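Residue-level structure breakdown
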Amino acid sequence: MKYFRNLIISIILVLATLFLANKYLDSYLVMILSNIGIFIILAVSYNLINGVTGQFSLEPNGFVAIGAYVTALLLLSNDEKTMQFMLSDPSPLILWMHSSFIPALLISGIVASLIALTLAFPVFRVRGDYLAIVTLGFGFIIRIFAINQDSYTNGSMGLSNIPNEANLISIGVFALISVIVVLNIVYSKYGRAMKAIRDDEDATNAMGINTFKIKTIAFMTSAFFEGIGGGLMASLLTTISPEQFSFMLTFQLLIIIVLGGLGSTTGAIIATFLVLGGMEALRFLDEPNFFTNTAHPGLRMVVFSLLLILIMIFARKGLFGDREIWDKKWFNFKM
Amino acid sequence: MVQFQNVTKKFGGVIAIKDVNLHLNLGDTFGLIGPNGAGKTTIFNIITGNYKPTSGKVYFKHEDITDYKPNKIVELGIARTFQNIRLFSSMSVIENVMIGFHNHINYSFFEAIFRLPRFFRDERNFFNEAREILAILGLSEFESYKATSLSYGNQRKVEIARALATSPEVLLLDEPAAGMNPAESDELANILEKIKKEFDLTILLIEHDMKFVQKVCNKVLVLDYGKTIFEGSPSNMLKDENVIKAYLGDFI
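Rules and cut-offs
Residues numbered from 1 in each chain as written. Chains lettered and ligands numbered in written order. Predicted model: local features only at pLDDT ≥ 70, side-chain atom pairs only at ≥ 80, totals over all residues. Helix = DSSP H or I, 4+ residues; strand = E, 2+ residues; numbered from the N terminus. Rg over C-alpha atoms; globule rule 2.2 N^0.38 Å. Contact = placed C-beta atoms within 7 Å. Buried ≥ 20, exposed ≤ 12 C-beta atoms within 10 Å, placed from the backbone. Pairing = 2+ DSSP bridges. Axes fitted to C-alpha atoms, helices over the stretch in contact; angles between N-to-C directions. Domains from an automatic or database assignment. Nonpolar A, V, L, I, M, F, W, Y, C, P; charged D, E, K, R; others polar. Core = buried A, V, L, I, M, F, W, Y, C linked by C-beta atoms within 7 Å. Parallel < 35°, antiparallel > 145°, perpendicular 65-115°, else oblique. Left-handed = near helix turned anticlockwise from the far one by under 90°. Expected span 1.5 Å × (residues − 1). Arc of directions from axis to C-beta.

Here the focus is the overall build of chain B. From N to C terminus, chain B includes 10 helices and 10 strands. Here chain B has a C-alpha radius of gyration of 19 Å; the compact-globule value for 252 residues is 18 Å, and the two agree. Taking the principal axes of the C-alpha coordinates as reference, chain B spans close to 70 × 40 × 30 Å. By sequence separation, contacts in chain B at least 24 residues apart represent 66% of the contacts at least 6 residues apart.

Structural data, given as structure tokens:
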């Protein structure tokens with residue numbers, strides 16, 4: 001079938017690119033690509049709830065933090081934990097939990113999506129701006145929890161020496177899986193119902209669709225991959241602290257999905273490359289340059305913001321609007 | 001099929017409808033008529049579960065549906081269209097119809113993620129069924145157009161197609177002929193006749209176009225300020241003194 005042919009071709013292409021990049025690029029570029037891979041996971045899954053379902057939520061930093069902490073605590077050995085927990089002794093639960101890398105990521109994802117399930121009940125009682133505020137609050141709560149519950153998270157000291165098991169290949173494979181899963185959801189009855197909720201929630205309800213259920217499915221899927229992304233991030237950076245998961249992380253993801261076009265999965269992927277790649281590419285602006293001999297820390301952010309503003313002026317709905325890169329027509333029912 | 005028992009709905013101090021009794025029998029095409037603000041759309045919203053009545057009961061096939069949620073009521077077999085057209089603006093005509101099939105498509109979330117055989121089978125079958133519905137309504141040529149790019153009359157038809165996809169027994173149409181010229185509303189009357197036979201429907205409709213009502217309805221109920229002022233056949237309606245008063249004023 002056409003769907004499976006396209007699927008296999010794209011999997012082979014991505015894997016080949018990953019292996020070649022891992023082999024021939026220098027470690028600096030590999031690190032940047034790994035980071036981009038993680039952000040693709042985060043952006044694509046955030047786009048599912050925010051772009052496709054149209055629920056303006058601001059919670060991803062919370063789920064990423066949960067994923068990062070769960071993975072880190074699962075991977076660290078007991079000796080490491082007792083040594084690192086200086087503010088107070090680690091709780092028995094923390095000492096008990098242990099697993100290898102892949103199960104740790106899956107557990108992180110499951111924990112995040114279960115928390116999303118419980119969060120769905122208060123969050124989806126409200127719509128629009130109010131939903132944004134409720135989810136924003138959740139992100140803050142998680143961060144405050146991470147700072148104050150020393151016996152679970154080691155407080156603001158954070159965790160370090162996390163085994164570095166994530167590399168470009170594993171991150172790339174997870175990114176590929178998350179993109180495929182999200183696209184499979186979008187192009188199914190669930191995705192159609194999500195888009196319908198974005199367009200007109202009451203009319204969706206009048207079609208016999210349980211909108212709460214659909215929104216919760218989107219939210220949980222999104223949280224699952226954000227949890228995994230957080231886990232990969234912890235393992236790639238080998239050190240985490242509560243400050244990493246501030247609102248700025250959500251903000252960065254929001255920039256990515258708005259730039260790519262709310263509701264466009266391929267747009268989110270391309271925007272991740274543009275935003276993260278662009279920030280690296282503009283790094284030369286911070287250094288002493290041709291005109292002056294002093295460094296300008298922060299200059300690249302000024303230029304970068306100007307570029308973003310220009311793009312948003314000329315592409316009001318982001319680079320792809322709510323369509324995908326292969327959508328030439330309004331509806332493409334090829335599989 | 002649908003029965004109202006002394007239904008009253010108040011919004012604060014405003015009484016939208018008062019002690020309305022309504023009997024919709026199997027196979028009826030029932031017209032709901034009245035000046036603006038008479039409470040017609042309120043009745044629709046009470047049937048579909050969007051509003052809860054202040055007092056009184058609503059029954060569907062002898063089942064008390066007064067406290068049911070809107071999506072539950074659609075599952076039981078009551079579908080509606082909206083007065084102000086509410087199509088899903090980012091989707092094509094056929095996708096709009098596919099939304100109506102949501103509860104009939106059987107594959108689970110995991111079958112969708114892993115693209116198991118049932119996913120492809122269901123999607124193909126219901127895609128073809130959506131095409132059949134569009135063909136009945138004469139919309140085949142527009143199937144891949146963006147729904148909101150169609151003409152007003154055709155958008156109304158897409159709304160009907162979408163409601164039909166939920167396989168209803170009772171269809172509620174809120175001003176289906178509004179904004180149509182006489183030729184278009186004649187065509188719509190024929191289509192209603194056709195889908196009624198094809199899908200075994202009972203229809204309840206709100207309409208201001210009296211010619212249209214005369215043509216399609218076998219029973220009407222006239223409301224004025226939330227109260228029933230006439231119930232019976234459409235031909236007697238226009239002779240009724242109270243109806244004339246409500247529409248033209250009682251200064252004559």
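This part covers the overall build of chain A. If you tally the helices and strands in chain A, you get 15 helices and zero strands. C-alpha atoms of chain A, sized along the principal axes, occupy 60 × 55 × 40 Å. With 335 residues in all, chain A has 44% of them scored as buried.

Before going further, it helps to examine the sheet that holds strand β10 (residues 227-232) of chain B. Residue and element names in this part refer to chain B. The six strands lie next to each other as β6-β7-β8-β3-β9-β10, forming an open sheet whose pairing is mixed. Every other strand in the sheet has two partners, leaving β6 (78-80) and β10 as the edge strands with one partner each. Between one strand axis and the next, the sheet turns by 15° as a mean value, whatever way the strands run. Bridge count for strand β9 (residues 219-224) against β10 is five bridges, and the pairing is antiparallel. Bridging from a neighbouring strand, L223 pairs with T228 of β10. Across the sheet, helix α1 (residues 40-47) lies against β3 (29-33), β6, β7 (170-174), β8 (202-206) and β9, angled at about 145° from β7, the strand it touches most. Each of β9 and β10 is contacted by helix α10 (residues 241-248), which is oriented at about 130° to β10, the strand it contacts most.

Looking now at the domain arrangement of chain B. All names here are of chain B. What the domain assignment lists for chain B is domain 1 (1-77 + 168-252) and domain 2 (87-167). One C-alpha centre belongs to domain 1, the other to domain 2, and the line joining them spans 27 Å. Taken together, the contact pairs 13 residues of domain 1 with 10 residues of domain 2. Put simply, the parts of the chain that give the side of domain 1 that touches domain 2 at least two residues each are α2 (70-76) and α7 (182-199). The dominant element in the side of domain 1 that touches domain 2, judged by the number of residues it contributes, is α7, at six residues. Here the residues of the side of domain 1 that touches domain 2 are counted per class, giving eight nonpolar, one polar and four charged.

Right, let's talk about the nonpolar core for a bit. In terms of nonpolar packing, the biggest core is built from 158 residues, with A43 and A72 of chain A together with A161 of chain B touching the most fellow members. Taken together, domain 1 (1-77 + 168-252) and domain 2 (87-167) of chain B each give at least three residues to this core, which thus spans both. Once residues within four sequence positions are removed from consideration, A161 of chain B is found in contact with V97, I133, L134, L137 and L139 of chain B.

Moving on, we come to the sheet that holds strand β2 (residues 14-24) of chain B. Two modes of strand pairing occur in sheets, parallel and antiparallel, and in both the strands are linked by backbone hydrogen bonds. Spatial strand order, β2-β1-β4-β5 (chain B): four strands in an open sheet with antiparallel pairing. Looking along the sheet, the strands with just one partner apiece sit at the ends: β2 and β5 (63-64) of chain B.

Now for the pairing of β2 of chain B. Regular strands place their side chains on alternate faces of the sheet. Residue and element names in this part refer to chain B. As judged from the seven bridges shared by strand β1 (residues 2-11) and β2, these two strands associate in the antiparallel manner. Looking at β2, one finds that F4 is bridged to L22. Hairpin connection of β1 to β2: two residues between the antiparallel strands, including G12 at a positive phi of 60°.

In this section: the interface of chain B and chain A. Counting residues at the interface gives 33 residues for chain B, matched by 27 residues for chain A. Among the secondary structure elements, those contributing two or more residues to the side of chain B that touches chain A are α2, α3 (93-100), α4 (109-113) and α5 (117-136) of chain B. Among the elements that take part in the side of chain B that touches chain A, α3 of chain B stands out by supplying five residues, more than any other. Here the side of chain B that touches chain A is built from residues that sort into 16 nonpolar, 10 polar and seven charged.

Further remarks concern the packing of helix α13 (residues 247-260) of chain A against helix α14 (residues 265-281) of chain A. All names here are of chain A. Where α13 meets α14, the axes come as close as 8 Å, and the angle between the chain directions of the two elements is 120°. One element, α13, and the other, α14, form an angle in the oblique class. In this structure, α13 crosses over α14, and the sense of that crossing is right-handed. Packed against α13, whose contacting residues are I255, I256, I257, L259 and G260, the element α14 presents G267, A268, I270, A271, T272, L274 and V275 at the interface.

All names here are of chain A. Relative to the 28 Å expected for 20 residues at 1.5 Å per residue, helix α7 (residues 129-148) spans 29 Å between its end C-alpha atoms, a close match to the ideal helical length. Of the residues making up α7, those classed as buried are T135, F138, G139, I142 and A146. One side of α7 carries all its buried residues, which in axial view fall inside an arc of 95°. Among the exposed residues of α7, those oriented more than 90 degrees off its buried face are D129, Y130, I133, I141, I144 and N148. Where α7 is buried, its residues meet α3 (60-75), α6 (101-123), α8 (150-153) and α13.

It is worth spelling out unusual backbone geometry at this point. Phi at N161 of chain A is positive, roughly 60°, even though this residue is not glycine. Here N161 of chain A shows up in the loop between α8 and α9 (168-186). Judged by local crowding, N161 of chain A falls into the partly exposed class, with 14 C-beta atoms found within 10 Å. At K61 of chain B, a position not held by glycine, the phi torsion is positive, near 50°.

For the rest of this paragraph, the subject is the pairing of β3 of chain B. Residues and elements named next belong to chain B. By the criterion of burial, β3 is predominantly enclosed, with five of the five residues buried. Side-chain alternation along β3 places T29, G31 and I33 on one buried face and F30 and L32 on a second face that is also buried. Taken together, the four bridges between β3 and β8 define a ladder with parallel strand orientation. Within the sheet, the bridge partner assigned to T29 lies in β8 and is I203.

This next bit is on α9 of chain A. An ideal rise of 1.5 Å per residue puts 27 Å on 19 residues; α9 of chain A measures up with 26 Å between its terminal C-alpha atoms. L168, I171, G172, F174, A175, S178, V179, V182, N184, I185 and V186 of chain A are the residues of α9 of chain A that are buried.

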